[in-house]
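# Chain and residue survey
Each chain, written out:
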Amino acid sequence: MDQQVNISSSSEYKQIYQENKPSPWVERNGFAHWVIAVAWVLVALIAFNVVGVVVGVAGVLATSESLDLETMVEQLSSNFDILFLANSSGQILVMALATLLVVKLHAVKGERKEFLRLKLSENVWRVTALGAILFIVAQPTILFLGWLNSFVPVPQAMAEMQETMAEMIANFLRSDNVLLSGVFHIGVVPAVCEEIMYRGYVQRAFEKSWGIVAAILISGAIFGAYHLQISNFLPLATLGVFLAYLTYISDSLVPAMVAHFVNNGGQVVASNFYPEMLDEKITPGMDIPVLLIVLSLALTTGILYYLYSLKPKGD
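These numbers were taken from a predicted model, which means no experiment stands behind them. (Residues numbered from 1 in each chain as written. Predicted model: local features only at pLDDT ≥ 70, side-chain atom pairs only at ≥ 80, totals over all residues. Heavy atoms only, no water.)

### A word on the overall build of the chain
Secondary structure summary: the chain contains 14 helices and 0 strands in total. The linear arrangement of helices and strands in the chain, starting from the amino end, is α-α-α-α-α-α-α-α-α-α-α-α-α-α. Each of the 315 residues in the chain was classed as buried or not, and the buried ones make up 42%. Accessible surface computed for the chain: about 17,400 Å², of which carbon and sulfur atoms make up 65%. (Helix = DSSP H or I, 4+ residues; strand = E, 2+ residues; numbered from the N terminus. Buried < 20%, exposed > 50% of the residue type's maximum accessible area, 1.4 Å probe, protein only. Areas by Shrake-Rupley, 256 points an atom, 1.4 Å probe, with all protein chains shown as cover.)

Here you go:
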């Protein structure tokens, strides 16, 4: 004989649903969310480079009349359109689309957008506006952190790789009619794809396991390390922490995406009008604008403090 359950209130219904709802794959199989996230970060690093190589080689084959290996390598290292197409392809396919698939291990159907914070929230536009301002006024602070980071010794091989990457980007931005292309490849694509992976996926996975403070700090550190630039780790990790904080305060990826775009896209636009900035390097011997840095630190701290007051109570 079937038993009928009378649900007298919505709270009772919610309780019954919570007790009987399916668990995500990670929890059913006894894994910690953060363990799978770290594993995916490592796999994604490899997959990102594989996709880049495949797209780069395909681009060279499509535009080169010679199949000579030396010619192909030269084309691949000098054709900026192909290089940045390869980089953007890796970000879109691996950091964004593949991460959307990996999320299925952490959340059941119907809860995956919530897991990634792919939504709008009640304070999203106020946090977005303040986040954009934050990433403008914080630039001298980031410069100061880069200066501190320049005292850290870097292995020769890593230093040469970073120099090559910086020179490649600088040469790309010096090219003719590169503004729109640069804004897309350096501004738009990372702002969307990296936010889905780091603030959407990695931050939430660590939050599930270790709480929000650890998630903000660790996801920021992973973001800094993922760029493989020892001499830029401190400023990159700090930017990652700021982006994670915006995501936590708003419970949405929108503010972080916009702030990320302001940071990257703003540098592309600035270099288009002031190309001499591309030749500037952060070194231990550079002149530090102390007053500007102090003002930046004060404004940055004030905005971060005010942002916390925008977090809905009880969240």
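Next, the rest of the story.
### Let's talk about the packing of aromatic side chains
The final tally for this structure, using the stated rule, is 10 aromatic pairs. A centroid spacing of 6.2 Å and a plane angle of 35° characterise the contact between Trp-34 and Phe-206, whose relative ring orientation is tilted. Here Phe-206 lies in helix α10 (residues 179-210) and Trp-34 lies in helix α3 (residues 33-63), a separation of 172 residues in the sequence. Put simply, the rings of Trp-34, Phe-206 and Trp-210 touch in pairs and so form one group of aromatic residues. Its end group placed over the ring of Phe-223, Arg-199 keeps NZ or CZ at 4.4 Å from the ring centre. Stacked on the ring of Tyr-248, the Lys or Arg Lys-311 has its end atom at 4.4 Å from the ring centre. (Phe/Tyr/Trp six-rings, centres within 6.5 Å; stacked < 30°, edge-to-face > 60°. Lys NZ or Arg CZ within 6 Å of the ring centre and 35° of its normal.)

### Overview of the side chain of Ser-121
With respect to the helices and strands, the residue Ser-121 is situated in the loop between α6 (112-116) and α7 (124-137). A polar atom in the side chain of Ser-121 sits 3.2 Å from the side chain of Asn-123. (Polar contact = N/O pair within 3.5 Å; in protein donor to acceptor, adjacent residues only side chain to side chain.)

### Some details on the packing of α3 against helix α5 (residues 80-102)
In contact at an axis separation of 8 Å, α3 and α5 are set at 140° when each is read in the N-to-C sense. Regarding the angle of α3 to α5, the classification is oblique. For α3 against α5, the interelement crossing comes out right-handed. Looking at the contact of α3 with α5, its residues break down into 15 nonpolar, 9 polar and no charged. (Axes fitted to C-alpha atoms, helices over the stretch in contact; angles between N-to-C directions. Parallel < 35°, antiparallel > 145°, perpendicular 65-115°, else oblique. Left-handed = near helix turned anticlockwise from the far one by under 90°. Nonpolar A, V, L, I, M, F, W, Y, C, P; charged D, E, K, R; others polar.)

### Some remarks on helix α8 (residues 139-149)
Among the residues of α8, Pro-140, Thr-141, Ile-142, Leu-145, Gly-146, Trp-147 and Asn-149 are the ones counted as buried. Its buried side turned inward, α8 meets α7, α12 (233-250) and α14 (290-309). (Contact = heavy atoms within 4.5 Å.)

### Overview of the nonpolar core
For soluble globular proteins, the rule of thumb is that nonpolar side chains tend to be buried together. In terms of nonpolar packing, the biggest core is built from 32 residues, with Trp-40, Met-95, Met-197, Tyr-198, Tyr-201, Val-202 and Tyr-226 touching the most fellow members. Listed by contribution, the elements that provide at least two residues to this core are α3, α5, α6, α10 and α11 (212-226). Not counting chain neighbours up to four residues away, the residues in contact with Met-197 comprise Trp-40, Val-41, Ala-44, Met-95, Thr-99, Val-202 and Tyr-226. Among the nonpolar cores identified, the runner-up in size contains 23 residues, and Ile-142, Leu-243, Ala-244 and Leu-304 belong to it. (Core = buried A, V, L, I, M, F, W, Y, C linked by side-chain atoms within 4.5 Å.)

### Observations regarding the pattern of salt bridges
Under the criterion given, the structure shown has 9 salt bridges. The salt bridge involving Arg-117 is made with Asp-251; its shortest N-O contact spans 2.8 Å. With Arg-117 in the loop between α6 and α7 and Asp-251 in the loop between α12 and α13 (254-273), this pair connects stretches of sequence that are 134 residues apart. Both residues of the pair, Arg-117 and Asp-251, belong to the buried class. A salt bridge links Glu-195 to Arg-199; its shortest N-O distance comes to 2.7 Å. Pair noted here: Glu-195 and Arg-199 are both in helix α10, with a separation of 4 residues, about one helical turn. Via salt bridges that share partners, Glu-114, Arg-117, Lys-119, Arg-204, Glu-207 and Asp-251 belong to a single interconnected network. (Salt bridge = Lys/Arg side-chain N within 4 Å of Asp/Glu carboxyl O.)

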